[in-house]
Amino acid sequence: FNIEKNAVQTFQSTGQREVAQKAKGTLTVYNEYGTAPQTLIATTRFETPEGLLFRTLKTIVVPGTKVENGKIIPGSINVEIIADKPGSSHNIEPIRFTIPAFKEKGDLDRYGKFYGQSAEPMKGGIIGLAKVVTESDFNNALNTLTATVKSAIAETLKTQTSGLKLKLINSENIAIKNPDSDARIDAVIDSFTMSVSGSVKTLGFKQEDLDQLIKQYGEKDGGITILPDKLNIAFDKISFSENTGVLDFTAAIVGNGYARINTSKILSDLLGSNEKQIKDYFKNTKEINSAKIILSPPWVKKVPKNKENIQINLIYD
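Everything numeric here is computed off the predicted structure, so don't read it as measured data.

Asker: Help me understand helix α5 (residues 263-270) in this model?
Answerer: All of the buried residues along α5 are I266, L267 and L270. Buried residues in α5, looked at end-on, bunch into an arc of 100 degrees, giving them a common side. Capping the start of α5, N262 holds a side-chain oxygen 3.3 Å from the backbone nitrogen of S264, two or three residues further along. Within two residues after α5, G272 carries a phi angle of roughly 80 degrees, on the positive side.

Asker: Explanation requested: helix α3 (residues 135-161) in the structure shown.
Answerer: Count 3.6 residues to each turn of an α-helix, and residues three or four apart come out pointing the same way. For α3, spanning 27 residues, the distance from its first C-alpha to its last is 39 Å, which sits close to the expected 39 Å at 1.5 Å a residue. Positive backbone phi, approximately 85 degrees, marks G163, located one or two places after α3.

Asker: Teacher, can you tell me more about the layout of surface pockets here?
Answerer: One number sums up the size of the largest pocket: a volume of about 1,000 Å³. Along the walls of the largest pocket sit 30 residues, with F282, A291, K292, I312 and N313 positioned nearest its centre. Secondary structure elements with two or more residues in the lining of the largest pocket: β19 (246-259), α5 and α6 (275-283). Within the lining of the largest pocket, the residues separate by chemical class into 21 nonpolar, six polar and three charged. Lining the second largest pocket are 17 residues, with Q21, K123, G124, V188 and I189 sitting closest to its centre. Those elements giving two or more residues to the lining of the second largest pocket turn out to be β2 (15-31) and β12 (126-132). In the lining of the second largest pocket, the residues fall into six nonpolar, four polar and seven charged.

Procedures and definitions
- Residues numbered from 1 in each chain as written.
- Predicted model: local features only at pLDDT ≥ 70, side-chain atom pairs only at ≥ 80, totals over all residues.
- Heavy atoms only, no water.
- Buried < 20%, exposed > 50% of the residue type's maximum accessible area, 1.4 Å probe, protein only.
- Helix = DSSP H or I, 4+ residues; strand = E, 2+ residues; numbered from the N terminus.
- Arc of directions from axis to C-beta.
- Polar contact = N/O pair within 3.5 Å; in protein donor to acceptor, adjacent residues only side chain to side chain.
- Expected span 1.5 Å × (residues − 1).
- 1 Å grid on protein atoms, 1.4 Å probe; cavity = no way out; pocket = protein on both sides within 12 Å on 5 of 7 lines; lining within 4 Å.
- Points joined across faces, edges and corners; volume = space filled by probe spheres on them.
- Nonpolar A, V, L, I, M, F, W, Y, C, P; charged D, E, K, R; others polar.

Have a look at this one:
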């Protein structure tokens with residue numbers, strides 16, 4: 001059985017603190033100027049029509065234009081940008097950006113043909129009291145999703161093994177991967193989304209097969225009778241090899257072993273015996289701890305001589 005499950009959920013941040021944070025986002029920079037690539041150093045300014053400034057976080061090289069099926073295709077590259085100033089004024093919807101440096105140099109051709117376009121809003125700009133992800137928020141989210149994943153795996157195992165009467169000794173040995181979250185502890189954000197994945201790999205076997213092995217071991221090497229339902233079995237040193245598909249484990253078995261009782265001999269020995277003879281017989285039978293004899297109906301004083309009228313029941317404590 002190879003089962004993997006994933007759980008995703010959005011959680012609210014409960015912490016608060018005073019912050020001065022700049023808005024961030026991603027920009028696609030286009031080159032419609034020519035076939036030559038254009039280098040734009042880190043901190044290059046991009047400006048909105050309203051005059052809001054953002055800067056690139058790293059140096060980029062914008063590819064040149066190319067021709068496909070007779071059509072000029074501008075070069076493009078994505079880059080992360082950050083507002084020049086903190087505050088919510090820079091939390092803006094998708095918009096077209098220009099590069100003011102080209103205009104300031106008088107290079108109006110480049111100014112018009114190099115530009116940026118955002119596909120998602122710029123977010124995170126704030127001055128003042130803001131929601132923050134606490135350590136408790138993060139751990140509670142992780143614990144909640146981990147429990148969800150483990151429950152889903154257990155339910156799937158239950159469904160897949162339904163009716164098969166299989167023993168799965170390491171079904172709870174679920175491997176949980178590191179969580180994937182869009183915010184970490186102390187992040188300034190109203191809510192965050194976390195994803196947790198888990199998996200289990202195991203083999204199933206029939207409990208009755210193991211019970212039979214145990215019985216055979218006791219009867220062959222110990223000369224004793226073993227009753228599986230009287231045993232406690234603990235599994236240890238469990239390992240599953242993906243390469244060989246073999247499940248290795250140690251079964252530690254604790255419980256009573258019982259003397260082997262020859263009921264046929266007892267039956268033959270007691271034919272026609274009276275109550276005193278029966279008691280004397282069992283006193284000298286070390287394999288039996290105690291015996292209860294019922295002669296019925298009341299007028300019967302001896303064991304019948306017909307075996308079909310005698311019943312022997314063994315009770316294992």
